[in-house]
Amino acid sequence: MTDTTVRAKPDTRSAILDATETVIVRDGARRTTIDAVVAESGFSKGGVLYHFPSKTALLKALVQRLVDDFEADLDRASAEAEAHSEPVEHRVFAVLCETNERKKRIAGALLGVTAEEPELLDPARALKARIEARLFSTASDPALARIVMLAIDGMSYREMLGFDPLSPGDREAVCDRLLTLTEDIYS
C-alpha cells in the first residue's frame, strides 16, 4: 500500500501542475488562484493545498517543472552530440533555438506575476547562468557566442511578448544561420 501511495503523489502533483498550466494560459497568472486550479484539476482544495500550500508554491513548482523539462532537453541533446562525436555546444544552441508553443505560452503567462515576485525566476536564472558559463568558456570566440545567445534570447522574448513574431520559415532561417555561426565557434 505504501508503494501505491508513493507513486500516486508524483502523479497527483503532476496533474495539479497540468491544471495550473491550463488555468495560467487561459486566465493569466494574476487570475490563477488555488480555487481555479481546484476547479480545473478536479481535486479537493485540501488535496491541492496538501501539495502546494500557496499560490506562490504552486507557481514555484510550475517554474521548476519548466526548468526540469528544459534540462532534460539539454541532457538529451548532449547525449546525442556525444554519440555522434559532435561539439555539445552546437546541440545546446539548437535546443535554445527551438520553439515549444506550450512552454512559450506558460512563460508568457508567468511574466506578469514575476514582476511582483521576481524570485520565482531564480531556478531559470540559475540554469541560464550555468548554460552560458559553459557555452562562453569553451567558445573560441566568446563574443560571437554571446551574440548568438542574445539573438536567440531576443527571438524568444519577441515571441513571448507578441512583438511581431517571425513566421515559422523566417524563424527557421534565422536559427539555421545562428547555428552555422556556432559551428565556427565550436569546431
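Residues numbered from 1 in each chain as written. Predicted model: local features only at pLDDT ≥ 70, side-chain atom pairs only at ≥ 80, totals over all residues. Heavy atoms only, no water.

### Let's talk about the packing of helix α6 (residues 101-116) against helix α8 (residues 142-161)
Here's step 1: The interhelical angle for the contact between α6 and α8, taken along N-to-C directions, is 75°, at an axis separation of 9 Å. By the criterion of interaxial angle, the relationship of α6 to α8 is roughly perpendicular. In this structure, α6 contributes Lys104, Ala107, Gly108 and Leu111 to the contact, and α8 contributes Glu159, Met160 and Leu161.
Here's step 2: Residue composition of the contact of α6 with α8, grouped by class: four nonpolar, one polar and two charged. (Axes fitted to C-alpha atoms, helices over the stretch in contact; angles between N-to-C directions. Helix = DSSP H or I, 4+ residues; strand = E, 2+ residues; numbered from the N terminus. Parallel < 35°, antiparallel > 145°, perpendicular 65-115°, else oblique. Contact = heavy atoms within 4.5 Å. Nonpolar A, V, L, I, M, F, W, Y, C, P; charged D, E, K, R; others polar.)

### So, a nonpolar patch on the surface
Here's step 1: Together, Leu111, Tyr157, Leu161 and Phe163 make up a nonpolar patch on the protein surface, roughly 400 Å² of accessible area in all.
Here's step 2: As for its position among the elements, Phe163 is in the loop between α8 and α9 (168-185). (Patch = residues over 30% accessible without salt bridge, like charges linked within 9 Å, V, L, I, M, F, W, Y side chains within 5 Å. Areas by Shrake-Rupley, 256 points an atom, 1.4 Å probe, with all protein chains shown as cover. Salt bridge = Lys/Arg side-chain N within 4 Å of Asp/Glu carboxyl O.)

### Some points on the side chain of Ser41
Here's step 1: Locating Ser41 in the fold gives a position in helix α2 (residues 34-41).
Here's step 2: Engagement of the side chain of Ser41 in a polar contact is seen with the backbone oxygen of Val38, the distance being 3.3 Å.
Here's step 3: Among all residues touching Ser41, those that are not within four sequence positions of it are Ala19 and Val48. (Polar contact = N/O pair within 3.5 Å; in protein donor to acceptor, adjacent residues only side chain to side chain.)

### Some remarks on the environment of Pro168
Here's step 1: Along the polypeptide, Pro168 turns up in helix α9.
Here's step 2: For the pair Pro168 and Thr99, spaced 69 residues apart in sequence, the C-alpha separation works out to 9.6 Å.

### Structural notes on the nonpolar core
Here's step 1: Membership of the largest hydrophobic core comes to 47 residues, with the highest contact counts inside it found for Phe93, Leu96, Leu110, Ile131 and Leu135.
Here's step 2: Of all the secondary structure elements, the ones that give two or more residues to this core are α1 (2-27), α2, α4 (55-83), α5 (88-97), α6, α7 (122-137), α8 and α9.
Here's step 3: When residues of this core are assigned to their parent elements, the largest contribution, 10 residues, is made by α4. (Core = buried A, V, L, I, M, F, W, Y, C linked by side-chain atoms within 4.5 Å. Buried < 20%, exposed > 50% of the residue type's maximum accessible area, 1.4 Å probe, protein only.)

### Observations regarding the confidence of the model for the protein chain
Here's step 1: Residue-level pLDDT values for the protein chain average 88, and 95% of them are 70 or greater.
Here's step 2: When pLDDT is averaged over each helix and strand of the protein chain, the minimum, 76, is found for α1 and the maximum, 96, for α2.
Here's step 3: Counting contacts from residues 1-8, a segment whose pLDDT is below 50, to residues more than four positions away or on other chains yields zero contacts. (pLDDT = per-residue confidence, 0-100.)

### As for the pattern of salt bridges
Here's step 1: Using the criterion set out here, one finds 13 salt bridges in the structure.
Here's step 2: With a shortest N-O distance of 2.7 Å, Arg91 and Glu80 are connected by a salt bridge. You can see Arg91 sitting in helix α5 and its partner Glu80 sitting in helix α4, a full 11 residues away along the chain.
Here's step 3: Judged by relative accessible area, which is 18%, Arg91 ranks as buried.
Here's step 4: One salt bridge in this structure joins Arg171 and Glu159, with 2.3 Å as the shortest N-O distance. In this pair, Arg171 sits in helix α9 while Glu159 sits in helix α8, placing the two residues 12 residues apart along the sequence. Each member of the pair, Arg171 as well as Glu159, is classed as buried.
Here's step 5: One continuous salt-bridge network, built from bridges that share partners, spans Asp18, Glu21 and Arg65.

### What about the state of the cysteines?
Here's step 1: One pass over the structure, following the stated rule, counts one disulfide.
Here's step 2: Across the disulfide, Cys97 is cross-linked to Cys175 (sulfur-sulfur distance 2.0 Å). The sign of the -95° torsion about the S-S bond sets the Cys97-Cys175 disulfide as left-handed. With a gap of 78 residues between them, Cys97 in helix α5 and Cys175 in helix α9 connect regions that are remote in the sequence.
Here's step 3: The exposure class assigned to Cys175 is buried, which follows from its relative accessible area of 7%. (Disulfide = S-S within 2.5 Å.)

### Description of the environment of Leu120
Here's step 1: Mapped onto the elements of the fold, Leu120 is located in the loop between α6 and α7.
Here's step 2: Along the sequence, Leu120 and Ala61 sit 59 residues apart, while their C-alpha atoms lie 9.2 Å from each other.
Here's step 3: Dropping the residues within four chain positions of it, Leu120 is found in contact with Thr56, Leu59, Lys60, Val63, Val113 and Thr114.

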